[in-house]
Each structure stands twice: as C-alpha cells, then as structure tokens.
Amino acid sequence: MDSYVFMTDSDSDISYKFVDENDVQMVYMPYVVDGVEYLDDLGRAGTQKEYFQKMRQGTAPKTSLLPVSAYLEIFEPHLKAGKDILFIAFSSKMSATQENARAAREEILKAYPDRRIEIVDTLTISRPMALLVEKAYALFKDGKSMDEVKTWVEQNRLRSQAWFTVDDLVYLKRGGRISAVAATMGSLMDLKPILTLCKDGSMAAENKIRGRKAALRYLADKTAENILDPAGQELIIMHADAADDAKRLEDLIRERVPSLGPVKHVFVGPVIGAHAGPGTVASVFMGKERTL
C-alpha cells in the first residue's frame, strides 16, 4: 500500500485518460464562461473545439482561484485516513492559487501534526507540467519516497519546455499580459509573439515574428535547438482549435529533427486557453534547461 497520496491539478492539462487509468488524485481548477463557473474536466466532455469557437464569437472566459477552504476539503480526507500528500502544483508565478494551497497546508497540519503535505512548485503549467507529472507518477508507482519524487521534479522542472505563438493579441490584452497599445500596434503589423517558459516559472515573450507562417518556423527552430533525446520521448503539439497549423508545425519540426519520435496533438486546456485564445499553437518537450 502506498504510504502517501500523489496529487496534482488540472492546470497541467494532463490527459483525463491517464488520470482515470491510474486513479490520480486531481485538484480541478475553475473557470467562468458567460457568468457560469465550471471545473476543468481535462477534455472528458469533448467540448474543447466548442469552447474556442465561442471565444471567436466574442465570449470572454475568465479564470478564478480555488479558495483556501477548497484545499482544506481536498486535503483532509487523506490526512484523516493516515496518508501524507505529495502535491505537484502548477507554477506559483502564474497564479496565487498555490499560495492558497500552502495556507491550507499550514492550517490543516495544526489538526494533523503527525502528517505531512509537500507542495512542489513545477514552475510550469499545461502540458509541460504534464510531462513532469507523468514521470513523477511513474516514480511514485515504482515505490519511490515522497522526497525522491519531489527531488526529481525539482531537478528536472527547468527542462520542461514550451514554445507558443498566439493568433490574436486581443486575448493577451484582456488578461493584462500586454497593453492595449501594444496589442493594437502588433495586430496592425501582423506581429506574432513567441512565448516561452522562464526560469522563475513565469511566461514571457522571447521574440516577435511577423506573420503566422514565420512564427511556426520559429517555433520549429526553437524546438530543434532545445530538445534533448528527440527519438526517446513523445513531443506534444498543443493547439487551440488550430489543427492545420499544428500539423504544419509537426512537419516543420520533423524537417529539422529527422530523428524525432512520436508526436501527440492535443487541445490547449480552458484555463490557459482563456488567456492565449483560439489559434494558439505550442511545441512541448523535455530539453535543455531554460535560459530566459
């Protein structure tokens, strides 16, 4: 019997099939569409395409935080059952949610002083985080201790990379990621920002490329430059209802990395999709440590 509970959150955009097949303990994150709050179901309902189509029609989803009380309700049954908790969490630099989880930990451990909760900051989000979670879960199932799994994540988290481009700057403007002036000027000049994960767990624009086709070529270049062991891993291409561009990106990467192994195409999840918008395309892989 496992001596601790392995837990993660849905902002990893991990496959619901992986979660269900392995009975992974999940914290489901909320988002709001047209005034109605939903919990990210990891694509179980199959409504990802509809979500981004609604955004194109003017719907503006919003993300929200899980309160401390929600984490208390999630943690307590496991502690009460005599289990410790290892929680692999999305980046603290992208939301205050992790602060709430840590506050809940401090509060609930007063009632369960003999128990332990470890919250690991992955310094990432979405599918780059899922790459870490899947490997960490494999270590957990192999009987590795909490400390061993935690250490592996901390030692490898900066190797999880993602290179994004968005199709419309309006969504970054809505989320406060860029100013209204920058969004307007960028749209007029057909500039496509290249976003990537930073060392501190934030996401930043690494470059601005004129035109969609050139932006996809740049993503392929950055993938080829940074990926390690391309034949021995599965590269993930994420897209927000942009299947044709996702296929084009795969072709471009394969041209640059002939030894590339299997590639999986998946939808961007609703939380990151609310900020990036429809048309977003990303290359996700394990590679060199981030330099930005």
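Here's a quick rundown of the structure. Computed from a predicted model, the values in this text were never measured in an experiment. Starting afresh in each chain, residues are numbered from 1 along the sequence in its written order. Whole-chain, interface and lining totals are the exception, using all residues; otherwise, since this is a predicted model, local features are given only for residues with pLDDT of at least 70 and side-chain atom pairs are given and counted only at 80 or more. As a rule here, side-chain values cover all heavy atoms of the structure and leave hydrogens and water aside.

Quick word on the pattern of salt bridges
- Put simply, a salt bridge is a Lys or Arg side-chain nitrogen that is within 4 Å of an Asp or Glu carboxyl oxygen. As enumerated under the stated definition, the model contains 19 salt bridges in all.
- With a closest N to O distance of 2.9 Å, K150 and E154 form a salt bridge. Of the two residues, K150 and E154 both sit in helix 6 (residues 146-156), four residues apart, roughly one turn of that helix.
- Burial status follows relative accessibility: with a 1.4 Å probe on protein chains alone, a residue under 20% of its type maximum counts as buried, one over 50% as exposed, and anything between as partly exposed. Exposure remark for K150: the relative accessible area of 19% places this residue in the buried category.
- With its nearest N and O atoms 3.9 Å apart, the salt bridge here joins D167 to R212. Here a strand is any run of E in DSSP of at least two residues, a helix any run of H or I of at least four, and the numbering for each starts at the N terminus.

Focus on helix 6
- Along helix 6, the residues classified as buried are M146, V149, K150, W152, V153 and N156. Taken end-on, helix 6 shows its buried residues confined to a sector of 160°, consistent with a single buried face.
- Whether two residues are in contact is decided by their heavy atoms, any of which lying within 4.5 Å being enough. For helix 6, the secondary structure elements touched by its buried residues are strand 1 (4-9), strand 6 (84-89), strand 7 (117-121), helix 5 (126-141), strand 8 (160-165) and strand 13 (281-286). Here, the arc refers to the directions that run from the helix axis to the C-beta atoms.

Digging into the pairing of strand 7
- For strand 7, a buried count of five out of five residues is recorded, marking the element as mostly surrounded by other parts of the structure.
- A strand pair is defined by DSSP finding two or more bridges across the two strands. By the bridge criterion, five bridges tie strand 6 to strand 7 in an arrangement that is parallel. Its bridge partner lying in strand 7, L86 is registered against E118.
- Note on handedness: a clockwise path from strand one over the helix to strand two, with the strands aimed away from the viewer, defines a right-handed crossover. Handedness of the crossover joining strand 6 and strand 7 through helix 4 (residues 97-108) is recorded here as right-handed.

Some thoughts on helix 9 (residues 212-226)
- In this scheme, a helix's expected span is set at 1.5 Å multiplied by one less than its residue total. End to end, helix 9 covers 21 Å across 15 residues, agreeing with the expected 21 Å (1.5 Å per residue, within 8%).
- Listed in full, the buried residues belonging to helix 9 are R212, A215, L216, Y218, L219, A220, K222, T223 and N226.
- The secondary structure elements touched by the buried residues of helix 9 are strand 8, strand 9 (191-197), strand 10 (203-210), strand 11 (235-239), helix 10 (243-256) and strand 13.

A closer look at the environment of M286
- By secondary structure assignment, the location of M286 is in strand 13.
- Distance from M286 to L132, taken between C-alpha atoms, is 8.9 Å for residues 154 residues apart in sequence.
- The contact partners of M286, leaving out residues within four places of it in the chain, are L131, L132, N156, R159, S160, I227, L228 and Q233.

Brief notes about the sheet that holds strand 8
- Spatially, 10-9-8-13-11-12 is the arrangement adopted by the six strands of the open sheet, whose pairing is mixed. This sheet does not close on itself; its edge strands, each paired only once, are strand 10 and strand 12 (263-267). Each strand of the sheet is rotated relative to its neighbour by a mean of 20°, with strand direction disregarded.
- In this sheet, strand 10 lies alongside strand 9 in antiparallel orientation, the contact comprising seven bridges. Paired with L197 across the bridge in strand 10 is M203.
- In this analysis an axis means a line fitted to C-alpha atoms, helices contributing only their contacting stretch, and an angle means the value between N-to-C directions, from 0 to 180 degrees. Lying over the sheet, helix 10 contacts strand 11, strand 12 and strand 13, oriented at roughly 150° with respect to strand 11.

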